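So you can see what is in the structure, the chains are spelled out below.
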Amino acid sequence: MSVTAPESARTLADRVFARLQDDIVRGEIPPGSKVSETELAGRYGVSRGPLREAIRRLESRKLLERVVHVGTRVASLSFDDLIEIYHVREALEGMAARLAAEQMSAEEVNGLNDVLAQHEQQQDLQQDTAYFQREGDLDFHYRIIQGSHNGTLSQMLIGELYHLVRMYRYQFSSVANRPQKALNEHRRIVEAIEARDGEMAELLMRRHISSARKNIETQYAAHKAENLKSDN
């Protein structure tokens, strides 16, 4: 007979998992940084049991990884790998937007508008400092991918890299003027989907992701130049 954890322990593990995941996605625990169970237990005020369960769940989401002789650390992508992923996203999410314009029900489209309405209420977005989207149905891109009603696309775009990419999406959105621009780009994509204009929806989504990629490239180049300057 299997023994399950008490409901209170499960709930605590869920809360720790959600807080730790948000802290990783928001960059409060940066990519590549080592994770200390002792520090995290103190940070969240929990025992090792619920914390270790949260860590295991985040490892399955590819946000944490175990490294031999190092321990557990926040996963990270190289610049080249990240740019490659964005090129793939541009093509595939553009296709997803086109299919969504053709396949989404009126109720699903209304759901997209509801998600954007919730995003608009976020203080950091109103202040144009960051654009944080929670996972799953509260994520604009996730909704459109699901709305394509194409299982292969969904598997490719919201599979094992989804949570890691979501982390980089948020962290690189935290630059002046980008959050409001991204929101406006989302609105235009929804307008094209509502109009059942698949060609326009695809074009706008590709432009949106291309803009995000160029933003990453600009920030990376500036950071690299700053490091070179400090070394000299």
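Residues numbered from 1 in each chain as written. Predicted model: local features only at pLDDT ≥ 70, side-chain atom pairs only at ≥ 80, totals over all residues. Heavy atoms only, no water.

Asks: Hey, could you go over the overall build of the chain for me, with residue numbers and the actual values?
Replies: Tallying secondary structure elements over the chain gives 11 helices and 2 strands in all. For the chain, the succession of helices and strands along the chain, N to C, is α-α-α-β-β-α-α-α-α-α-α-α-α. Against the 2.2 N^0.38 benchmark of 17 Å for 232 residues, the chain shows a C-alpha radius of gyration of 19 Å, consistent with a compact globule. The principal-axis extent of the C-alpha atoms belonging to the chain is close to 65 × 50 × 35 Å. Counting all 232 residues of the chain, 44% fall into the buried class. Restricting to contacts in the chain with at least 6 residues of sequence separation, those with at least 24 account for 74%. Element-wise, carbon and sulfur atoms account for 48% of the exposed surface of the chain, whose accessible area totals about 12500 Å². Positive and negative charge centroids in the chain, built from 31 and 35 side chains respectively, lie 4 Å apart. (Helix = DSSP H or I, 4+ residues; strand = E, 2+ residues; numbered from the N terminus. Rg over C-alpha atoms; globule rule 2.2 N^0.38 Å. Buried < 20%, exposed > 50% of the residue type's maximum accessible area, 1.4 Å probe, protein only. Contact = heavy atoms within 4.5 Å. Areas by Shrake-Rupley, 256 points an atom, 1.4 Å probe, with all protein chains shown as cover. Lys, Arg positive; Asp, Glu negative; His and termini not counted. Charge placed at Lys NZ, Arg CZ, Asp CG, Glu CD.)

Asks: An account of helix α10 (residues 178–194) is needed here, citing residue identities and associated values.
Replies: Every α-helical turn comprises 3.6 residues, leaving residues that sit three or four positions apart pointing alike. Here α10 spans 24 Å end to end across 17 residues, near enough to the 24 Å set by a 1.5 Å rise per residue. All of the buried residues in α10 are Arg 178, Pro 179, Ala 182, Leu 183, His 186, Ile 189, Val 190, Ala 192 and Ile 193. Residue Arg 196 follows α10 closely and has a positive phi angle near 60°. (Expected span 1.5 Å × (residues − 1).)

Asks: So what's going on with the pattern of salt bridges? Which residues, and what values?
Replies: One pass over the full model with this rule turns up 17 salt bridges. Note that Arg 43 and Glu 28 form a salt bridge whose closest N and O atoms lie 3.6 Å from each other. Pair noted here: Arg 43 is in helix α2 (residues 37–44) and Glu 28 is in the loop between α1 (7–25) and α2, with a separation of 15 residues, a long-range link. On the accessibility criterion, Arg 43 (39% relative accessible area) is partly exposed. (Salt bridge = Lys/Arg side-chain N within 4 Å of Asp/Glu carboxyl O.)

Asks: So what's going on with the packing of helix α7 (residues 140–147) against α10? Residues and values would help.
Replies: At their nearest, the axes of α7 and α10 sit 12 Å apart, and the two run at 20° to each other. Taken together, the axes of α7 and α10 lie roughly parallel to each other. Of the two elements, α7 crosses α10, and the hand of that crossing is left-handed. Contact with α7, carried on its side by Phe 140, His 141 and Ile 144, involves His 186, Ile 189, Val 190 and Ile 193 of α10 and no other residues of that element. (Axes fitted to C-alpha atoms, helices over the stretch in contact; angles between N-to-C directions. Parallel < 35°, antiparallel > 145°, perpendicular 65-115°, else oblique. Left-handed = near helix turned anticlockwise from the far one by under 90°.)

Asks: Outline the confidence of the model for the chain, listing residues and values.
Replies: Detailed reading of predicted coordinates is not advised where the pLDDT is low. Scored by pLDDT, the chain comes out at a mean of 90, with 94% of its residues at no less than 70. Taken together, the stretch residues 1–7 has pLDDT below 50 and engages in 0 contacts with residues farther than four places along the chain or on a different chain. (pLDDT = per-residue confidence, 0-100.)

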